[in-house]
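Read off the chains here:
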Amino acid sequence: MSSLKSFEDLECWKAARELRIFVSQNILPKFPIDEKYALTSQLKRSSRSVSDNIAEGFGRYHYQENIQFCRIARGSLSESLNQVITAIDERYIEDNLLQQFREKFERTKAILNGYINYLARTKME
């Protein structure tokens, strides 16, 4: 962790950023205009919240607070998946976009869980 100078160095933040960009560039443009203040807004906020909370946790400098913000990020990640599933159910996007999102979701979740585990182990030392 001492070699990390910024949250931008975290692999979990990089994965969350990639997921957020994918949502913004590939999923949100498919939604109808009448979802602008509903599903579009919710998915935009939840996908941004993942990297936002990772960054905020990194800035806290206390392991337990960092872990808590990473858990919030993980919750926002799951919320984003639910919203993409809603988009499938509403027929706003095709199955291939859900599959691509799921791949980014699983990668981000795995890296984030690894980071949370690292923080918990380091806190105990």
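Rules and cut-offs
- Every chain is numbered on its own, with residues counted from 1 as its sequence reads.
- Whole-chain, interface and lining totals are the exception, using all residues; otherwise, since this is a predicted model, local features are given only for residues with pLDDT of at least 70 and side-chain atom pairs are given and counted only at 80 or more.
- To get the side-chain values, take all heavy atoms of the structure and skip hydrogens and water.
- The rule is short: rings of Phe, Tyr and Trp, with Trp giving its six-membered ring, pair when the centres are within 6.5 Å, and they are stacked under 30 degrees, edge-to-face over 60, tilted in between.
- When accessible area is computed with a 1.4 Å probe and restricted to protein chains, residues below 20% of their type maximum are described as buried, those above 50% as exposed, and intermediate ones as partly exposed.
- Here a strand is any run of E in DSSP of at least two residues, a helix any run of H or I of at least four, and the numbering for each starts at the N terminus.
- In the analysis that follows, any N or O atom pair within 3.5 Å is treated as a polar contact, provided that within protein one partner can donate a hydrogen and the other can accept it, and provided that, for residues neighboring in sequence, both atoms belong to side chains.
- Any carboxyl oxygen of Asp or Glu that lies within 4 Å of a side-chain nitrogen of Lys or Arg is treated as forming a salt bridge with it.
- Here the expected length of a helix is defined as 1.5 Å per residue gap, with one fewer gap than residues.
- Contact definition: two residues touch when any of their heavy atoms are within 4.5 Å.
- Axis definition: a line fit to C-alpha positions, over the contact stretch in the case of helices; interaxial angles, taken between N-to-C directions, run 0 to 180 degrees.
- Oblique is the label for any angle not covered by the other classes, which are roughly parallel (under 35 degrees), roughly antiparallel (over 145) and roughly perpendicular (65 to 115).
- Note on convention: near helix rotated counterclockwise from far helix by under a right angle means a left-handed crossing. Clockwise means right-handed.
- Three classes are used: nonpolar for Ala, Val, Leu, Ile, Met, Phe, Trp, Tyr, Cys and Pro, charged for Asp, Glu, Lys and Arg, and polar for all others, with Gly counted as polar.

Undergrad: What is the right way to read the packing of aromatic side chains from this model?
TA: The geometry of an aromatic ring pair is captured by two quantities: the separation of the ring centres and the angle between the planes. The tally for this structure, following the rule as stated, stands at three aromatic pairs. Between the aromatic rings of F7 and W13, the centroid separation amounts to 5.3 Å while the plane-to-plane angle is 70°, which identifies the pairing as edge-to-face. By relative accessible area, F7 is classed as partly exposed at 27%. A centroid spacing of 6.5 Å and a plane angle of 15° characterise the contact between Y115 and Y118, whose relative ring orientation is stacked.

Undergrad: I would appreciate a short explanation of the side chain of T122 in the present structure.
TA: Among the structural elements, T122 can be located in helix α4 (residues 95–124). A relative accessible area of 16% means that T122 is categorised as buried. A polar side-chain atom of T122 sits 2.8 Å from the main-chain carbonyl oxygen of Y118.

Undergrad: What is the right way to read the pattern of salt bridges from this model?
TA: Two side chains of opposite charge can pair, provided their charged atoms sit close to one another. One pass over the full model with this rule turns up five salt bridges. A salt bridge links K104 to E18, with the shortest nitrogen-to-oxygen separation between them at 3.1 Å. Separated by 86 residues along the polypeptide, K104 in helix α4 and E18 in helix α1 (residues 11–27) bring together distant segments of the chain. K109 is paired through a salt bridge with E106; the nearest N and O atoms lie 3.6 Å apart. Of the two residues, K109 and E106 are both situated in helix α4; the distance of three residues between them amounts to about one turn of the helix. Note on E106: relative accessible area 42%, which makes it partly exposed. A cluster of three or more residues bridged by salt bridges with shared partners is formed by E56, R60 and E65.

Undergrad: Just to check I follow, could you spell out helix α3 (residues 63–89) for this structure?
TA: Every α-helical turn comprises 3.6 residues, leaving residues that sit three or four positions apart pointing alike. Between the first and last C-alpha of α3 there are 39 Å, a value that for 27 residues agrees with the 39 Å anticipated at 1.5 Å per step. Backbone geometry just after α3 places R91 at a positive phi near 65°.

Undergrad: In this structure, what is going on with α4? I would like to understand it.
TA: Over its 30 residues, α4 runs 43 Å from end to end, which matches the ideal 44 Å to within 8%, given 1.5 Å per residue. Taken together, the buried positions of α4 are L97, L98, F101, F105, T108, L112, Y115, I116, L119 and T122. As for α4, its buried residues are in contact with α1, α2 (39–58) and α3.

Undergrad: Looking at this structure, I do not really get the packing of α1 against α2. What am I missing?
TA: Any two packed helices are characterised by how steeply their axes cross, that is the angle between the axes, and by the distance between the axes. Here α1 crosses α2 at 165°, and the two axes come no closer than 9 Å. Put simply, α1 runs roughly antiparallel to α2. Here α1 runs over α2; the crossing is left-handed. Residues C12, W13, A16, R17, L19, R20, V23 and I27 of α1 form the contact with α2, whose own contacting residues are L43, S47, R48, V50, S51, I54 and A55. Partitioned by chemical class, the residues of the contact of α1 with α2 number ten nonpolar, two polar and three charged.

Undergrad: Please clarify how unusual backbone geometry should be interpreted in this entry.
TA: Generally, phi is negative for residues other than glycine and the peptide bonds are trans, each holding for most cases. In this model, Y61 sits at a positive phi of 70°, which is unusual for a non-glycine residue. For Y61, a relative accessible area of 72% corresponds to the exposed category. Of note, R91 is a non-glycine position whose phi angle comes to about 65°, a positive value. We classify R91 as exposed; its relative accessible area is 75%.

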